[in-house]
Amino acid sequence: MSIVLITILTLAGLGALAAVILYLASQKFKVFEDPRINQVEEALPAANCGGCGFPGCRAFAEALVKADDISDLNCPVGGADVMATVANILGKEMGKSDPLVAVVRCNGTCEHRPRLNEYEGATSCAVAAALYGGETGCSYGCYGLGDCVEACDFNAMYMDEKTGLPVIIEDNCVACGACVDACPKEIIELRKKGPKSRRIFVSCVNQDKGAVAKKACDVACIGCGKCAKVCPFDAITIENNLAYIDYDKCRLCRKCVPVCPTNAIHEINFPPPKPKPAKEQEPANTPESSN
Amino acid sequence: MLKTFSLGGIHPADRKISAGKSIEVLPLPKRVVVPLAQHIGAPAKTELKKGDQIKTGQVIAKSGGFVSANIHSPVSGKVFKLDEVVDASGYRKPVIIIDVEGDEWDESIDRSETLKTEISLSSEEIIKKVGEMGIVGMGGATFPAHVKLSPPPGKKCDVLIINGVECEPFLTSDHRVMLEKGDELIVGVKILMKALKVDRAVIGIENNKPDAIQHLTTLTENEQGIEIQPLKVQYPQGGEKQLIDAVIGRQVPSGKLPIEVGAVVHNVGTTLAVYEAVQKNKPLIERVVTVTGPGVSKPSNFLARIGTPVSQLIEAAGGLPDNTGKVIGGGPMMGKALSNLEVPITKGSSGILVLPHEEAHRKPVENCIRCGKCVSVCPMGLEPYLLMIEAEKELLDRAESDNIMDCIECGSCSFTCPANRPLLDYIRLGKGNVGKIIRNRN
Amino acid sequence: MNQKLVVSPSPHVHSGDSVPKNMYGVIIALIPALLASLWYFGIGALIVTLTAIAACVLFEWVIQKYLMKATPSISDGSAAVTGLLLAFNMPSNLPIGLIIIGAAVAIGIGKMSFGGLGNNTFNPALVGRVFLLISFPVQMTSWPVPVASRFQYLDATTGATPLSVVKEGLSSGASLSELMGEIPSYLNLFMGNMGGSAGEIAGITLVLGVLYLLWRKIITWHIPVSVLGSVAVFAAILNISDPESYAGPLFHLLTGGVLLGAFFMATDYVSSPMSKKGMLLYGVGIGLITVLIRVYGSYPEGVSFAILIMNAFVPLIDRYMKPKRFGEKVKTTKVQKQ
């Protein structure tokens, strides 16, 4: 009987001692942490994609709590809703940020851009880019090996087998920028999603001279500048034989789309073209030129 | 037991089908394309204009820095254009395109065949001359030769090693140079010895070239300080660090140059070019190029002018076979696959290899079975399987601590992998990325 | 030329080595031992071997096809090797049901749950074997008598293995010299005339097999030599310390699964270290643990456990036993100078 008693007492004593030590230790080594960090973290989408520029949602939450002005900080995944919640928790002014979306600035499908050789190394754009300029005559275009798709954590990209180009599923894209970093050719760009997801961009990054670019790919931007001439808002610049539309200036008037001789300018999510009577000639009459 | 290097190594099939073919002079092309970056280091700068009349051997682009090299016109004629064209890598690089008119050489060049053994220039003059004549490592690395001949302060060279290994399968240009230009080669060795102020030179030759070993041994019988060292056949013995290990048993430490262990290595082709530059005042405007392959009807060794299009060399060797799958600039282990046959040969082109379709494809990649064969063949004692994962997953700090930068890109790991894994593809990528990090750190 | 040129990074040639070549090489190397097991255990060995191979291949195919939704790769021979080795590690009178359970555990848990060939931490055949040994200890340790049970399967007359004779004898107080009379001569042990698992008994055939593997360069000498060497050394130390209670090195080498384990199980590519130094350490670990289990443990035989235990250390060994780097020697002396 006494053995049982001694055993029970000893164990109970040990337990009590351990509890005291643990309590003391937890008091002594207590780290003060702003409780709002946890609140903010909970409000964030926990995607840990790094799209905000911080390593994970926790780090972003810490930064949000620390910063006096959070208008520069934005969670691309959560968007305005999440940022409003966060701003509410912290009692700070939230910034205005238009939602972004990734666009693929290459339209060099198999049809438009003939393959001149056959790549057969490791299936990785980065490996191919370290080796050479690619299967086609265009050394700026998409390799079609899917590093961007691999990098996407949101199931927002897939490789179109037919065209050999990546496709972005707009609804899933959170504009975290992982694909932008993964692309060795800097083809993918984050652009403003635009009202009703409508946007216009030059779907080409080829900086070769017009004739060379055109020879390599039917739909390459040849840097002719026609689009820049018709643009009423000075949104288009031509640099290194390549047109670029500044999405902050672009007002989606779409005047540049029809004048492009190679159809390199893409419009997305606009309603299907209605029959429009001789609208195309109008812009050519305006003598303004942005160059 | 013949000497060889101490770690790893593989034995790819030799297939030196053009070994018995003597060097033929390739007819002049109609137009040459001379790239401005034919060497490691800064590209050369040109002041030529379209329409300028130039002579063979005239400087057409000046060295762009200490680690750089002059470029001389390989032909005489008129500058057609200064342009940017797609080179072997598929990217656009600046070139000078020259329309060939006759073959009028610069007067300063001695074109006679007579052997000139007496070395009149001093060490410094030799180094200067080698730099002026645009000589670079002709084994493929294209490192400017005069830089190698000028050891950094505090370092001393005590042995010159001449690389006659030619461990790449198929290639035979160095082999033919040793057989046909033996006398010139020995004088070249003596010039390099004088430049480096050393009294010992060793020519390393693999045992699969007994005729070259025999020939050079006879020639050097009465030469003081020049030895011929036959080596056991093993790839990549032609790698600088492996060759030093094989010949004199010294291992160059990680990240260091051969001069660290008192050795300087020059290729056979480079040595011949040094002879011609110093004794004959002839710049590096032509080189021996092997054109070979299982389907090539006339495998040959050509003496071709720099800037000749690859297609013309293949034409001279009997044309491109019907079932061609791959054309490689260089050997099968380290050469670059060409996407375009109009690219010119450069100072570093040792061969053109044409592979038929059945040999041009890789086999499907399978899971790593951890057999460890890549580890045991790696001549640098690295773990390719691990480096590949680290490069693929971008664990670059770990890749760096696993010595990824030591990789010499010999390809032994990919060659030997039973699961056909693209080990070197990823290691090369990882090396590039780690290299960037290291450069940013400094 | 009408086709496009292929462009790929170097190297542009390949040795021609392949996973199936290595796997079928192992199967060829196991054929002498298979013949020996057929000779000694006859019909039982045949049934066990065929069932184990068929079950392993089938499980691999089913799992790859329906669970992993991948193209089955049973033709690479790795499942067949696992099946063959599993059969070699079981007594030849094992009921078919148990063999199938063993194969399911070997392939399903030992291999596929890790992601298939190349990803498994433990040797799959041994996972299956040890699972059976722990779950069905009676069936797994009733050893048919060689030759006599040639035409018997489930009803085979059984006897003890030399190892269990010694183990039980020693624990019941007998001295080693008395027990040695009960076990076959060393020559008989080497030829395989003893009780034991189907494939482990005939040492001579296993030696033939390993010589073939070494000649084909499928394995290197490091693991077999270090396992056998360490078993011999540790056994010899014990034997010298007390010859009456500890058997000699030759006894330990020739009985049980040491030879099969050292040649074919420990050398399994996937679950062994990559560097030569690592292989030696791994082999020594296996040898040491084997002798410890045999001498002090409750099982008469410990090779399977030893290999599995060392398998678990392989990632650690790979992390710290790096191959000798080129130029390393010079580097270390330099560091010391600074």
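Rules used in this analysis
Residues numbered from 1 in each chain as written. Chains lettered and ligands numbered in written order. Predicted model: local features only at pLDDT ≥ 70, side-chain atom pairs only at ≥ 80, totals over all residues. Heavy atoms only, no water. Contact = heavy atoms within 4.5 Å. Buried area = accessible area lost by both parts, 1.4 Å probe. Salt bridge = Lys/Arg side-chain N within 4 Å of Asp/Glu carboxyl O. Polar contact = N/O pair within 3.5 Å; in protein donor to acceptor, adjacent residues only side chain to side chain. Helix = DSSP H or I, 4+ residues; strand = E, 2+ residues; numbered from the N terminus. Nonpolar A, V, L, I, M, F, W, Y, C, P; charged D, E, K, R; others polar. Patch = residues over 30% accessible without salt bridge, like charges linked within 9 Å, V, L, I, M, F, W, Y side chains within 5 Å. Areas by Shrake-Rupley, 256 points an atom, 1.4 Å probe, with all protein chains shown as cover. Lys, Arg positive; Asp, Glu negative; His and termini not counted. Charge placed at Lys NZ, Arg CZ, Asp CG, Glu CD. Buried < 20%, exposed > 50% of the residue type's maximum accessible area, 1.4 Å probe, protein only.

Trainee: Please clarify how the interface of chain B and chain C should be interpreted in this entry.
Mentor: By a widespread convention, an interface's size corresponds to the accessible area lost as its parts come together. At the interface, 65 residues of chain B touch 45 residues of chain C. Of the roughly 4,600 Å² buried between chain B and chain C, counting both surfaces, carbon and sulfur atoms make up 54%. Applying the counting rule to chain B against chain C returns six salt bridges. For Asp402 of chain B, the salt bridge goes to Lys322 of chain C, with nearest N and O atoms at 3.3 Å. Run the count over chain B and chain C and you get 25 residue pairs in polar contact (both at pLDDT 80 or more). Sorting the residues of the side of chain B that touches chain C by element identifies α6 (240-248), β14 (324-329), β15 (336-337), α9 (357-360), α10 (373-377), α11 (384-392), α13 (412-416) and α14 (423-441) of chain B as the ones contributing at least two each. Broken down by element, the side of chain B that touches chain C gets its largest block of residues, five residues, from β14 of chain B. The residue makeup of the side of chain B that touches chain C, split by class, is 28 nonpolar, 19 polar and 18 charged.

Trainee: Hey, could you run me through the interface of chain B and chain A in this one?
Mentor: Facing the 13 residues of chain B at the interface are 19 residues of chain A. When the buried surface of chain B facing chain A is broken down by residue, Tyr91, Arg92 and Leu429 of chain B rank first, second and third, together holding 38% of it. On inspection of chain B and its partner chain A, the count reaches one salt bridge. Where Arg92 of chain B meets Asp208 of chain A, a salt bridge forms, and the shortest distance between an N and an O atom there is 3.2 Å. A total of three residues in the side of chain B that touches chain A trace back to one element, the largest contributor, which is α14 of chain B. When grouped by side-chain class, the residues that make up the side of chain B that touches chain A number five nonpolar, four polar and four charged.

Trainee: Please explain a negative patch on the surface as it appears in this structure.
Mentor: Residues and elements named next belong to chain A. On the surface, Asp68, Asp69, Asp72 and Glu93 cluster together to form a negatively charged patch. Residue position: Asp72 is located in the loop between α3 (57-66) and α4 (79-90). The exposure class assigned to Asp72 is exposed, which follows from its relative accessible area of 69%.

Trainee: Where do I start with the side chain of Asn93 of chain C in this structure?
Mentor: Residue and element names in this part refer to chain C. When you line up the elements, Asn93 lands in the loop between α2 (78-88) and α3 (96-109). Of the residues examined, Asn93 reaches a relative accessible area of 8% and is grouped as buried. Within the local environment of Asn93, its side chain forms a polar contact with the side chain of Ser142, the two groups lying 3.4 Å apart. Excluding residues within four positions of it along the chain, Asn93 makes contact with Ser142, Pro144, Tyr153, Leu154, Ala156 and Thr158.

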